[in-house]
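Now for the letters of each chain:
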Amino acid sequence: MLRPALLATLLLAAAPARGDVAADLPPDVADLPPDVADLDDRAAAPALCALPAMLDAARAGLADGSDAYRRYLAALLQEAALTLPEADLLDAVASERDPALLEVLGRALATRASHAEDPGLLQPLLDRAALDGDPALRAAAVRALRATGSVEAMAALGGGVDYALLVQDPVPEVRAAVADNLIAENRDVYGGRDARLTAAAVEVATAATDGQVAARVLAEIPLDTATPDAVAAVTAALAADDPARRAGAALALGSAPPGDGATARALVARYHRDDDATVRAAILRALARLGQASAIPTLRALRGVAPALDPELDLWLDVLGLELQEWHLILREKLRRAARAAQHDTPDTP
Amino acid sequence: MKLASLILIALVAFASPAAIAATARGPICDTRARVGSTTYYSCSGSYHGALDMSNGTCNSWNHRGMLVGSRYYRYYGGCGQSCSATSCNGGAGNYVVVSGSNGWQFRQLHIGANGSSGSKTCDRCALGLVSSTGQSYGAHVHADNRRYGTRMTAWYTSVGTTCGRSAYCGNVVGNPTL
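Residues numbered from 1 in each chain as written. Chains lettered and ligands numbered in written order. Predicted model: local features only at pLDDT ≥ 70, side-chain atom pairs only at ≥ 80, totals over all residues.

(A) Summary view of the overall build of chain A. Across its full length, chain A holds 21 helices and zero strands. Going through the 350 residues of chain A one by one, you find that 47% of them count as buried. (Helix = DSSP H or I, 4+ residues; strand = E, 2+ residues; numbered from the N terminus. Buried ≥ 20, exposed ≤ 12 C-beta atoms within 10 Å, placed from the backbone.)

(B) Structural detail: the overall build of chain B. From N to C terminus, chain B includes two helices and twelve strands. Referenced to the eigenvectors of the C-alpha coordinate spread, the extents of chain B come out at roughly 65 × 35 × 30 Å. Taken over 178 residues, chain B has a buried fraction of 53%. Considering only contacts in chain B between residues 6 or more positions apart, those separated by 24 or more positions represent 67%. (Contact = placed C-beta atoms within 7 Å.)

(C) Summary view of the confidence of the model for chain A. Residues and elements named next belong to chain A. In the predicted model, chain A carries a mean pLDDT of 86, and 85% of its residues have values of at least 70. In this model residues 1-39 is a low-confidence stretch, pLDDT under 50, and it forms 61 contacts with partners more than four residues away in sequence or in other chains. Here residues 42-48 scores under 50 on pLDDT; set against residues more than four positions off or in separate chains, the count is 26 contacts. (pLDDT = per-residue confidence, 0-100.)

(D) Local environment of helix α18 (residues 277-291) of chain A. Residue and element names in this part refer to chain A. In this model α18 runs 21 Å from its N-terminal to its C-terminal C-alpha over 15 residues, within 8% of the 21 Å that 1.5 Å per residue would give. Among the 15 residues in α18, 13 count as buried, and that is most of the element. After α18 finishes, the residue Gln292 shows a positive phi value of roughly 45°. (Expected span 1.5 Å × (residues − 1).)

(E) Unusual backbone geometry, seen in detail. Residues and elements named next belong to chain B. A positive phi is found at Arg124, a non-glycine position, where the angle reads about 55°. With respect to the helices, strands and loops of the structure, Arg124 is situated in the loop between β8 (120-122) and β9 (126-130). Judged by the 23 C-beta atoms lying within 10 Å of it, Arg124 is buried. Not every positive phi belongs to a glycine, and Tyr148 is a case in point at roughly 50°. Residue position: Tyr148 is located in the loop between β10 (141-147) and β11 (150-152). Of the residues examined, Tyr148 has 8 C-beta atoms within 10 Å and is grouped as exposed.

(F) Representation of the environment of Pro258(A) in the model. All names here are of chain A. Residue placement: Pro258 occurs in the loop between α16 (243-253) and α17 (262-273). The exposure class of Pro258 is exposed, given the 12 C-beta atoms found within 10 Å. Through-space distance from the C-alpha of Pro258 to that of Leu51 is 53 Å; in sequence the pair is 207 residues apart.

(G) Representation of the nonpolar core within the structure. All names here are of chain A. Formed by 140 residues in total, the largest nonpolar core has its most connected members in Leu77, Leu109, Val178, Leu218 and Ala250. Per-element tally for this core: the top contributor is α18, with nine residues. Those residues within four positions of Leu77 in sequence are excluded, and the remaining contacts are Met54, Ala58, Val104, Leu105 and Ala108. (Core = buried A, V, L, I, M, F, W, Y, C linked by C-beta atoms within 7 Å.)

(H) Main features of the environment of Leu299(A). Residues and elements named next belong to chain A. Mapped onto the elements of the fold, Leu299 is located in helix α19 (residues 296-300). Each C-alpha atom of the pair Leu299 and Trp316 lies 8.3 Å from the other, and the pair is 17 residues apart in sequence. Leaving out residues up to four positions away in the same chain, Leu299 has contacts with Leu284, Leu287, Ala288, Leu313, Trp316 and Leu317.

(I) Structural view of the packing of α17(A) against α18(A). Residues and elements named next belong to chain A. Closest axis-to-axis distance for the α17/α18 pair is 10 Å, and the angle between their directions is 155°. In terms of orientation, α17 lies roughly antiparallel with respect to α18. Considering how the two elements wind past one another, α17 and α18 form a crossing that is left-handed. Residues Thr263, Ala264, Leu267, Arg270 and Tyr271 of α17 pack against Arg280, Ile283, Ala286, Leu287, Leu290 and Gly291 of α18. For the contact of α17 with α18, the residue count by class is seven nonpolar, two polar and two charged. (Axes fitted to C-alpha atoms, helices over the stretch in contact; angles between N-to-C directions. Parallel < 35°, antiparallel > 145°, perpendicular 65-115°, else oblique. Left-handed = near helix turned anticlockwise from the far one by under 90°. Nonpolar A, V, L, I, M, F, W, Y, C, P; charged D, E, K, R; others polar.)

(J) Looking closely at helix α5 (residues 67-81) of chain A. With 15 residues, α5(A) ought to run about 21 Å at 1.5 Å a step, and its terminal C-alpha atoms sit 21 Å apart, in line with that. For α5(A), the set of buried residues is Leu73(A), Ala74(A), Leu76(A), Leu77(A), Gln78(A), Ala80(A) and Ala81(A).

(K) Examining the packing of α16(A) against α18(A) more closely. Residue and element names in this part refer to chain A. Two elements in contact, α16 and α18, have axes whose closest approach is 8 Å; the angle formed by their N-to-C orientations is 5°. Classified by the angle their axes make, α16 and α18 are roughly parallel. Across the interface between the two elements, Pro243, Arg246, Ala247, Ala250, Leu251 and Leu253 of α16 pack against Thr278, Val279, Ala282, Ile283, Arg285 and Ala286 of α18. Its residues assigned to classes, the contact of α16 with α18 comprises nine nonpolar, one polar and two charged.

(L) Looking closely at the pairing of strand β7 (residues 104-112) of chain B. All names here are of chain B. The buried count for β7 comes to nine of nine residues, which makes it a mostly enclosed element. Here five bridges tie strand β6 (residues 94-99) to β7, and the two strands are oriented antiparallel to one another. Across the sheet, the residue bridging to Val98 is Phe106, located in β7. As consecutive antiparallel partners, β6 and β7 are separated by four residues, and within that stretch Asn102 has a phi angle of approximately 50°, a positive value. Bridging between β7 and β10 involves six bridges; their strand directions are antiparallel. (Pairing = 2+ DSSP bridges.)

Next up, the structure:
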């Protein structure tokens, strides 16, 4: 339960206040005559509030509050960050030692940076992510950047710290946070299609020594907008030693631009050569996605290459024969049939 | 068969991204800003299927991104300053599009171009000015949530947004799907 006095403090901090307006104006609006410029955004000016009091409340709530209360505190701090004194926020991010609070503070700072279109504000957070001696704090700093336009911000700052560097962290928690960030940013910020994000994902997958992380990034970030060089890098990953990385590369290639058919030929060649069932299943799915109904002859030609996968191949042929027009409809039907087949295969008795 | 099925079920995690619900706030940081049209023009005319929001000014207030959280706003410009209707960009004037999954989009139209205008990733930042570029009778912000080009209305009706409701930037006006 939130104390009334504390609630009042938090609400006051989150509320837009009146006062200085010029800082929130774009340059050409600020250049308008004063009687016009003064009108704009007067309600979004900095608030007078004490960050330390907010942090004390957040620290206590994050430690023993419910999930809903923790989400509430995080959202409140994010909104307050738009009007809090910038120096206080930067200092707090640079010095916080509690991972849970650093994540919330970092997210608030990232919100401020995105709102103000000032990626330079993220530098203390990036420094924590790359250099902090405590792995839990490094992971928290990375998580704070999730779905905030962080790939663009890192590029704007000159690439000193980027995800290709962070994914080489010795601690799995940090590496996993990198994969989660890229996947979330691709989905939430760009709607699943952005050439810069795709390029960053391929760079991370190439730089990653952690095969599971590379596989996740490759499998979950489509290559629709990838350059030929990026597609070539992912195609090369089909020959990786780690089966998870090979499967991830195969899934990613399913979303690559069809081009001249080189991607499909590389997948077919790998299907003949690979001995891992997961990789082969991923290749079948990639071929189905690449060609949809036109992939039927290619898939038929693979029957018998790996007999254990033939039932899987036949499922794809059946679904592609329906000539559904969109990949998500094809995939949904395929998964429905696969689940039904698995159910029928389950014996009634041990 | 069972082995292959289990493998493919394991790959469910890599399915196409599902649409997500976003939160949209008013685009004008003026407490006087109001919703003027929703499902029907002027709340009584022909079908509109979008929100029109205004504070009664032209080219003097920021037209802000409405979505809470960082989003990529793709900008389509080329229309000169105007406080009356034109046919620029098919009537949309200068506008931005945020793309989601499976054909979902969120658009904001009739932007007055200034130094803030352009494609960019940000969280409720200034996209230009509240203006009247395109087929716009009186400066306002038009916001719609479409799927494959069809305008949906549940994103604002579901939160009770109707004519006269505040379009201030601190007020939630809808939950668009992306």
